[in-house]
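# Structure assessment
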Amino acid sequence: MSERPNLLDPAVKANPYPLYERLRREAPVCQVDPRGMWLLTRYEEVQYALKHPELFSSAGLGQALKVDWLGRPHPLASGMSFADPPRHGRLRGLVQQAFTPAALASLEPFVRSVVEPLVTNLLEARRVDFIQAFCMPLASSVIGQLLGLDTFLFKRVKRWAEDVAAMSNVTPRDTARQAQVRTSVEELRAYLEEVIDARRHQPRQDTVSELVHARVDGEGLSQEELFSFLFLLLVAGMETTVVLLGNAMRLLRERPELFARMRADIGRVPRFIEEVLRYEPPVLGPLRVTTQEVELAGARIPAGSLVMAVVASALRDERYVPDGERFDPERDGLSQLAFGHGIHFCLGAPLARLEARVALEVLLTRCAGLGGRSEDIVWSPALAMRGPAVLPIELLPADQGA
Ligand code: HEM
């Protein structure tokens with residue numbers, strides 16, 4: 001590789017897949033900018049890193065992603081996404097009690113009650129930015145519900161989530177943005193503190209009550225661990241779901257025949273979602289920090305390096321996925337890596353799938369066709385995410401369509 005690739009290069013941001021393909025061929029373990037991060041781009045090495053937390057640590061991320069200007073530890077520092085075994089197992093065991101697939105599935109009526117009026121609004125407006133008009137309000141309402149926030153706060157959830165997620169991108173000189181993020185973090189802590197205290201004294205049938213009262217061997221979550229987990233829900237569950245919905249809609253809009261086929265057979269929706277997750281996974285790759293020097297695919301990664309296990313590349317790896325660069329909604333069973341692998345496998349995967357399924361079922365039933373231009377898409381600036389931040393779209397109501 002002649003020159004170090006930069007992930008923030010606008011051409012790479014607009015489409016990272018040609019770079020990944022070249023790296024898989026020429027340098028499957030390779031150092032890039034920014035931060036001199038190491039990328040793993042082949043399925044084999046990605047899976048290996050995610051399976052070996054003793055070499056590729058999540059606990060190291062608290063220090064590697066530390067934000068000095070915040071004035072307190074990273075909000076995720078005490079949570080399970082920044083923890084290794086055995087601490088990770090204890091935290092995950094506690095949280096899992098409130099996060100069972102059955103508990104998440106029981107959210108379906110709520111999700112539907114949010115989706116229906118949003119689709120009505122879209123069809124009335126006809127031309128919308130799908131991200132602002134649909135994905136954001138849906139994802140923030142669901143997270144707001146999970147966090148036990150009052151409905152009137154759901155709109156704030158969006159800003160909090162944006163600010164918390166932006167933390168790692170704020171430059172040292174941008175003091176105005178830093179102040180805004182600090183305010184959001186403090187505000188969010190204050191609200192969560194209120195919710196936690198309220199549920200401690202008066203439990204309800206909700207996730208926060210279950211988290212507050214969860215016990216393993218008589219031990220529960222500390223206040224800091226509770227905060228970190230609730231912050232994590234916001235960061236891990238909001239933008240990812242927004243981006244999944246945006247990617248699904250963009251891919252459908254570009255394929256009118258597929259749109260028509262799916263309208264005629266709504267049962268195809270779950271498989272379509274799996275292929276969207278494989279072809280355009282919202283999280284490009286989980287991050288890790290090496291605990292010692294690691295030799296992998298002929299390269300030596302020094303101890304203490306920041307590493308991205310690029311699942312987006314692994315899911316198109318020609319050694320693993322036949323014809324991986326082609327979007328094929330008839331494909332089956334390859335998408336799992338989009339939610340990570342090993343001990344940190346996404347806890348919210350059933351919820352993300354549920355939101356996407358209900359959204360597409362309602363949209364396909366009530367909308368006869370989609371318009372809009374690919375040139376108008378603005379891509380998310382986040383380093384580890386891939387999806388539209390702005391997706392202008394035109395919707396044709398079913399009763400006026402074909
Ligand atoms: C399409 C949507 C989503 C995608 C693509 C996604 C992806 C991921 C990935 C790749 C990881 C592994 C991170 C790592 O290995 O470091 C992860 C972890 C996690 N996700 Fe998701 N996620 C999504 C939605 C959600 C939702 C809706 C929630 C909750 C409401 C959620 C909660 C979590 C949690 C709590 C973890 C940490 C698990 C652990 O560290 O043990 N995710 N997610």
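Details of the structure are given in the entry above.
Model, not experiment: these values are computed from the prediction. (Residues numbered from 1 in each chain as written. Predicted model: local features only at pLDDT ≥ 70, side-chain atom pairs only at ≥ 80, totals over all residues. Heavy atoms only, no water.)

Bringing the packing of helix H7 (residues 108-125) against helix H8 (residues 130-147) into the picture now. H8 packs onto H7 with a crossing angle of 160° between their chain directions and a minimal axis gap of 10 Å. Relative to H8, H7 is oriented roughly antiparallel. Crossing angle aside, the handedness with which H7 passes H8 is right-handed. Counting all contacts with H7, which are made through Phe110, Val111, Val114, Val115, Leu118, Val119 and Leu122, the residues of H8 involved are Phe130, Ala133, Phe134, Pro137, Leu138, Ser141, Val142 and Gln145. (Axes fitted to C-alpha atoms, helices over the stretch in contact; angles between N-to-C directions. Helix = DSSP H or I, 4+ residues; strand = E, 2+ residues; numbered from the N terminus. Parallel < 35°, antiparallel > 145°, perpendicular 65-115°, else oblique. Left-handed = near helix turned anticlockwise from the far one by under 90°. Contact = heavy atoms within 4.5 Å.)

What follows deals with the sheet that holds strand E9 (residues 367-371). The 3 strands lie next to each other as E4-E12-E9, forming an open sheet whose pairing is antiparallel. Both edges of this open sheet fall to strand E4 (127-129) and E9, since each of them pairs with a single strand only. Going across the sheet, the axis of each strand differs from the next one's by a mean of 35°, ignoring polarity. Two strands pair when backbone bridges link them, and E4 and strand E12 (residues 392-397) are joined in this way by 3 bridges, in the antiparallel orientation. Considered in E12, the bridge of Asp129 is made with Pro392. (Pairing = 2+ DSSP bridges.)

In spatial order, the strands read E1-E2-E8-E5-E3; together these 5 strands make up an open sheet with mixed pairing. The strands lining the two open edges of the sheet, one partner per strand, are strand E1 (29-31) and strand E3 (56-57). With 3 bridges joining them, strand E5 (residues 287-290) and strand E8 (residues 306-309) adopt antiparallel strand pairing. If you follow Leu287 over to E8, its bridge partner there is Met308. Lying on the sheet, helix H3 (residues 43-51) is in contact with E1, strand E2 (38-40), E3, E5 and E8; it crosses E2 at an angle near 110°.

So, on to the nonpolar core. In terms of nonpolar packing, the biggest core is built from 138 residues, with Phe134, Leu138, Phe229, Phe272 and Leu395 touching the most fellow members. Apart from the residues lying within four places of it in its own chain, the contact partners of Leu138 are Val111, Val114, Val115, Leu118, Leu245, Glu355 and Ala359. (Core = buried A, V, L, I, M, F, W, Y, C linked by side-chain atoms within 4.5 Å. Buried < 20%, exposed > 50% of the residue type's maximum accessible area, 1.4 Å probe, protein only.)

Moving on to the site of the ligand. In the neighbourhood of the ligand, 28 residues make up the surrounding shell, with His88, Arg92, Arg288, His344 and Cys346 lying closest. In this structure, an oxygen atom belonging to the ligand sits 2.7 Å away from a side-chain N or O atom of Arg92. Take Arg288: an N or O atom from its side chain is 2.7 Å from an oxygen atom of the ligand. Residue assignment for the shell around the ligand shows that the elements contributing at least two residues are helix H5 (87-96), H8, helix H12 (223-237), helix H13 (239-253) and helix H17 (349-366). The element best represented in the shell around the ligand is H12, accounting for 5 residues. (Near = heavy atom within 4 Å. Polar contact = N/O pair within 3.5 Å; in protein donor to acceptor, adjacent residues only side chain to side chain.)

We now examine the coordination of the iron atom of the ligand. Each angle at a metal carrying four tetrahedral donors should ideally be 109.5 degrees, and each at a metal carrying six octahedral donors should ideally be 90 or 180 degrees. With respect to protein ligation, the iron atom of the ligand binds only Cys346 (SG), at 2.3 Å. Along the chain, the position of Cys346 falls in the loop between helix H16 (311-314) and H17. (Donors = N, O, S within 2.8 Å, 3.2 Å for Na, K, Ca; no water.)

Attention now goes to empty space enclosed by the protein. Over the atoms a probe the size of a water molecule is rolled, and this reveals where empty space is left. On inspection of all chains with the given rule, the structure shows 3 cavities of 30 Å³ or more. By volume, the largest cavity amounts to about 100 Å³. Partitioned by chemical class, the residues of the lining of the largest cavity number 10 nonpolar, no polar and 2 charged. Elements that contribute at least two residues to the lining of the second largest cavity include exactly H5 and H12. By residue class, the composition of the lining of the second largest cavity is 5 nonpolar, 2 polar and 1 charged. (1 Å grid on protein atoms, 1.4 Å probe; cavity = no way out; pocket = protein on both sides within 12 Å on 5 of 7 lines; lining within 4 Å. Points joined across faces, edges and corners; volume = space filled by probe spheres on them. Nonpolar A, V, L, I, M, F, W, Y, C, P; charged D, E, K, R; others polar.)

In this fold, Glu355 is placed in helix H17. Along the chain, Glu355 and Val142 lie 213 residues apart, while their C-alpha atoms are 8.7 Å from each other. Once you skip the residues sitting within four places of it in the chain, Glu355 turns out to touch Val111, Leu138, Ala139, Val142, Thr241 and Leu245.

Roughly 390 Å³ of internal volume is contained in the second largest pocket. Along the walls of the second largest pocket sit 21 residues, with Met136, Glu162, Glu239, Ser380 and Pro381 positioned nearest its centre. Among the secondary structure elements, those contributing two or more residues to the lining of the second largest pocket are H8, helix H9 (154-166), H12, H13 and strand E11 (388-390). With 5 residues, the top contributor of residues to the lining of the second largest pocket is H9. In terms of residue class, the lining of the second largest pocket is made up of 14 nonpolar, 3 polar and 4 charged.

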